Amino acid sequence: MPEPRVVRHPLVDIRLTTLRDERTDRATFRAAVRELTAMVVYEAMRDAPTTPTEITTPVATTTGAVLANPPVLVPVLRAGLGMAEAAHAQVPGAVMGFVGVARDEETLRPTPYMASLPADLAGIPVLVLDPMLATGGSMAHTIDLLAERGADDVTAVCLVAAPEGVARLGEAHPSVEVVAAVVDERLDERGYIVPGLGDAGDRQFGAM
Ligand code: PRP
Ligand code: URA
């Protein structure tokens, strides 16, 4: 299993601080999610191959680049929805699929409620967008759905990950890379990431 790739940058740190602070209001929290998502997606796409393309500037002809194999973006509802627009802005040509999973807060098991995904994902890079990788159950379920459709190049793009979730993904899906803004200390007895930021869905969209 590859080690998680963590984005180290002061501009990441200040946004994580905004997200972690319990005093941050909902609109500010959502803005920090968007800004941090742009940075983590930027890192996740670092090694994406490009194809040269000839273009003409107002001054001269030169060689530009297009993505050789644009990814499919898959936000995990609800909380991943807050990452969708910022990720799409980074990769405008991407197709977007959607998965809905809610964690049962008693058992901590994922409860799936929807999936809208391309039927054939073989050979296509997939970026799964979920701000929180805690026990890893929701991400492992999502990657199971992708694997059923032939996906063989999956990256989990998270804002805050727990070592327990990283380890679980490594066992269930050893080829999947995790790119995160930070890997925190641990999970608490309720399955929350410590220090974490609380419930990412509730903090963006309100408690259900
Ligand atoms: C959160 C988060 C992940 C999941 C992580 O979603 O967005 O999907 O928990 O926990 P896990 O790694 O232990 O599975 P939640 O289930 O709270 O649903 P929501 O996005 O609808 O708020
Ligand atoms: N889901 C969240 O939103 N936050 C956590 O800390 C764990 C799971």
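About the cut-offs
- Residues numbered from 1 in each chain as written.
- Chains lettered and ligands numbered in written order.
- Predicted model: local features only at pLDDT ≥ 70, side-chain atom pairs only at ≥ 80, totals over all residues.
- UniProt positions renumbered as here; feature names shortened; annotations may be inferred.
- Near = placed C-beta within 6 Å.
- Helix = DSSP H or I, 4+ residues; strand = E, 2+ residues; numbered from the N terminus.
- Nonpolar A, V, L, I, M, F, W, Y, C, P; charged D, E, K, R; others polar.
- Core = buried A, V, L, I, M, F, W, Y, C linked by C-beta atoms within 7 Å.
- Buried ≥ 20, exposed ≤ 12 C-beta atoms within 10 Å, placed from the backbone.
- Contact = placed C-beta atoms within 7 Å.
- Pairing = 2+ DSSP bridges.

Under an unreviewed UniProt entry, the name given to the chain is Uracil phosphoribosyltransferase, and the source organism is Actinomycetospora cinnamomea. Taken verbatim from the UniProt record of the chain, the Function (unreviewed entry) comment is "Catalyzes the conversion of uracil and 5-phospho-alpha-D-ribose 1-diphosphate (PRPP) to UMP and diphosphate." Note on the chain: under the UniProt heading Sequence similarities (unreviewed entry), the record states "Belongs to the UPRTase family."

Within the structure, ligand 1 sits among 23 residues, and Arg78, Ala79, Arg103, Ser138 and Gly201 are positioned closest to it. Looking at the shell around ligand 1, the elements with two or more residues in it are strand 6 (98–103), strand 9 (132–133), helix 4 (137–148) and helix 6 (200–205). Looking at the shell around ligand 1, its residues break down into twelve nonpolar, seven polar and four charged.

Looking now at the UniProt feature "domain: Phosphoribosyltransferase" (unreviewed entry) in the chain. Mapped onto this numbering, the UniProt entry annotates "domain: Phosphoribosyltransferase" (unreviewed entry) at residues 6–206. Overall, residues 6–206 shows 34% helix and 30% strand. The separation of its end C-alpha atoms is 28 Å.

This next bit is on the nonpolar core. In this structure, Val128, Leu133 and Ala180 are the most contacted members of the largest nonpolar core, which totals 52 residues. In this structure, Ala180 is in contact with Pro4, Val6, Val40, Leu133, Cys158, Leu159, Val160 and Ala161, ignoring residues within four places of it in sequence.

The next point concerns the environment of Val95. With respect to the helices and strands, the residue Val95 is situated in strand 5 (residues 95–96). As a C-alpha pair, Val95 and Leu169 span 74 residues in sequence and 24 Å in three-dimensional space.

This part covers the pairing of strand 3 (residues 61–67). In regular strands, side chains alternate between the two faces of the sheet. Of all seven residues in strand 3, zero are buried, a share of ten percent or less. Pairing analysis gives seven bridges linking strand 2 (residues 50–56) to strand 3, with the strands arranged antiparallel. The residue bridging Pro52 from the neighbouring strand is Ala65, located in strand 3. The antiparallel pairing of strand 2 with strand 3 creates a hairpin that spans four residues between the two strands.

Our focus in this paragraph is the UniProt feature "binding site: uracil" (unreviewed entry) in the chain. Mapped onto the present numbering, the UniProt feature "binding site: uracil" (unreviewed entry) falls at Ile193, Gly198, Asp199 and Ala200. Among the structural elements, Ile193 can be located in strand 13 (residues 193–194). Since 25 C-beta atoms lie within 10 Å of it, Ile193 is described here as buried. Ignoring any residue separated from it by four or fewer positions in sequence, one finds Ile193 in contact with Met132, Ala134, Val160, Ala162, Asp184 and Leu187. Turning to its location among the elements, Gly198 is positioned in the loop between strand 13 and helix 6. Assessed through the 16 C-beta atoms surrounding it within 10 Å, Gly198 is described here as partly exposed. What Gly198 contacts, discounting residues up to four positions off in sequence, is Glu22 and Arg203.

Time to look at unusual backbone geometry. Arg78 follows Leu77 through a cis peptide bond whose omega is -5°. Tracing the chain through its elements places Arg78 in the loop between strand 4 (72–77) and helix 3 (81–90). Across the junction of Val194 and Pro195, the peptide omega takes the value 0°, indicating a cis bond. Its location among the elements puts Pro195 in the loop between strand 13 and helix 6. We note that Leu108 has phi near 65°; this positive angle belongs to a residue other than glycine. You can see Leu108 is positioned in the loop between strand 6 and strand 7 (110–116).

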